[in-house]
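Read off the chains here:
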Amino acid sequence: MAAGGTATGARRLQASLFLVCCCSAAAVPHGLPAAQALWPATALTLLLGFYVLRAVFLPAFRGAQAESPAALESWPAVDLVVAARDEEAVIGRLVERLAALSYPADRLKIWIVDDGSEDRTPEVLTAYQARFPQLQVLRRPRDAGGGKSGALNAVLPNLQGRWLLVLDADAQLQPDVLERLVRFAEQGGWSAVQLRKSVVNPDLNWLTRAQAMEMALDAVIQQGRLLSGGVVELRGNGQLLQREAVLSCEGFNEATVTDDLDLSFRLLVQQQPVALLWDPPVQEEAVTAWSALWRQRQRWAEGGLQRFFDYWPQLTGSEVPVARKLDLSCFFLLQYALPVMAAADALTALMTRTSPLSWPLSFVAFGLSGGAILVGCSRRSEGPDLPSMGPINLAWGIAYLGHWFVVIPYTTLRMALLPKRLVWAKTLHVGAEPDPDQAAA
């Protein structure tokens, strides 16, 4: 039940080839005549810019997908699943809120996997089990392995519901979220649905505000990709999954650091449709310091790049429609190749004492990202208020995205040179609450 991944040697070779290709693509134009040096970057800019405008922004202006008001004839059984390690600050609050969801009690079970916690998480869960009979706790030793995927695989054989909703320990949900989410999934015929993620502490500092804008950007892009025939990716917290679809993928991949991104691709190659629901969102804490953001984003970058290495043969096969292949290719170039090429271009320019040549592509990428932030933060949304779109906030949101131009090249280089190391690098949760004046009624 633990789907495998790429061996360390193959992984380093794949990362090295990717690095060499990106560096070569960035360096070669510096050897062209000055009049032609910008042609490759300009051509790629026009191609990717046109695709993003067509695939993301035009569908985004249609608005969020509407929920159906029609009720279901019967509510399917749902398992709420949380993998928790050292979460004493938030786990009790989460259990209380899950128990308060407006969903038929006889169709709902709560499963908490205590993954070797060394704080008071076990004691807190024991106390809550006495209060809530629907709460089931599965305990694993800390060295059981597999990270979050291992914890989810451990509980998977015990689940009986048609659906499982995977949550992080800091998740905060509206009472009616499960009814609306299940109805949307059932009536839409989806195998998985990702709730839009929103930041519960956007006004704590400039960093948390930027993450709130980034999450709105991500949801806008994902909905645009879906509406244009592209791909929606799971985001871990707030993902509703058909249990049979997960079992058909042989569970969660214990050889990855991002179980959600990996599962997204395995559902894709099995032609299991995935959607995103804008409202209601799942609320979570944003990291509050640059050091924590650096660790988190390295993990995201590594897992995101690794899944392309692992599943590229299947993604380019006949099972995946052409529209989705084009979508994946364009976003692979934008998300992973562009930052590495930009870094290599800057280094080549410095070594050859020439001007950087990737600026048209980088300029358009940042401009389109700013447009997605503007669209997302201007859209009506439930949950904590999204940052207002004044010029200062918008400029900060765009500048903040520049951290990916450091994270992606650094992570790629590390993957090419160093052995794979699987570590559950969990994010610290402190129990932040939303401003009651901003919460949706």
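Refer to the structure presented above.
None of the values given here were measured: they were computed from a predicted structure. (Residues numbered from 1 in each chain as written. Predicted model: local features only at pLDDT ≥ 70, side-chain atom pairs only at ≥ 80, totals over all residues. Heavy atoms only, no water.)

Visitor: Help me understand the sheet that holds strand β3 (residues 135-140), please; the structure alone is not making it clear to me.
Guide: The strands that make up a sheet are held in pairs by hydrogen bonds between backbone atoms, and each pair lies either parallel or antiparallel. Reading across from one edge, β3-β2-β1-β4-β6-β5-β7 is the order of the seven strands in this open sheet, with mixed pairing throughout. Either end of the sheet is taken by a strand with one partner, and the two such strands are β3 and β7 (274-284). Strand-to-strand twist across the sheet, computed as the mean angle between neighbouring axes with direction ignored, equals 25°. One ladder, built from six bridges, connects strand β2 (residues 108-115) with β3; its direction is parallel. Opposite W111, over in β3, you have Q136 as the bridge partner. Sheet contacts for helix α6 (residues 177-188): β1 (78-84), β2, β4 (163-167), β5 (192-199), β6 (239-242) and β7; angle to β7, the most-contacted strand, approximately 170°. Those strands touched by helix α7 (residues 206-227) are β5 and β7, and its axis lies near 165° from that of β7. (Pairing = 2+ DSSP bridges. Helix = DSSP H or I, 4+ residues; strand = E, 2+ residues; numbered from the N terminus. Axes fitted to C-alpha atoms, helices over the stretch in contact; angles between N-to-C directions. Contact = heavy atoms within 4.5 Å.)

Visitor: Whenever I open this one, empty space enclosed by the protein confuses me. Can you help?
Guide: Rolled over the atoms, a probe as big as a water molecule pinpoints where empty space is left. According to the stated counting rule, one finds three cavities of 30 Å³ or more in the structure shown. Approximately 70 Å³ is the volume attributed to the largest cavity. Lining the largest cavity are L226, G230, V231, V232, S264, L268, Q272, P273, V274 and R324. A breakdown of the residues in the lining of the largest cavity according to their chemical character gives six nonpolar, three polar and one charged. The calculated volume of the second largest cavity comes to roughly 30 Å³. As for the second largest cavity, its lining consists of T45, L48, G49, V52, L334, L361, V364, A365 and L368. For the lining of the second largest cavity, the elements supplying multiple residues, two or more each, are α2 (39-60) and α12 (359-378). Looking at the lining of the second largest cavity, its residues break down into seven nonpolar, two polar and no charged. (1 Å grid on protein atoms, 1.4 Å probe; cavity = no way out; pocket = protein on both sides within 12 Å on 5 of 7 lines; lining within 4 Å. Points joined across faces, edges and corners; volume = space filled by probe spheres on them. Nonpolar A, V, L, I, M, F, W, Y, C, P; charged D, E, K, R; others polar.)

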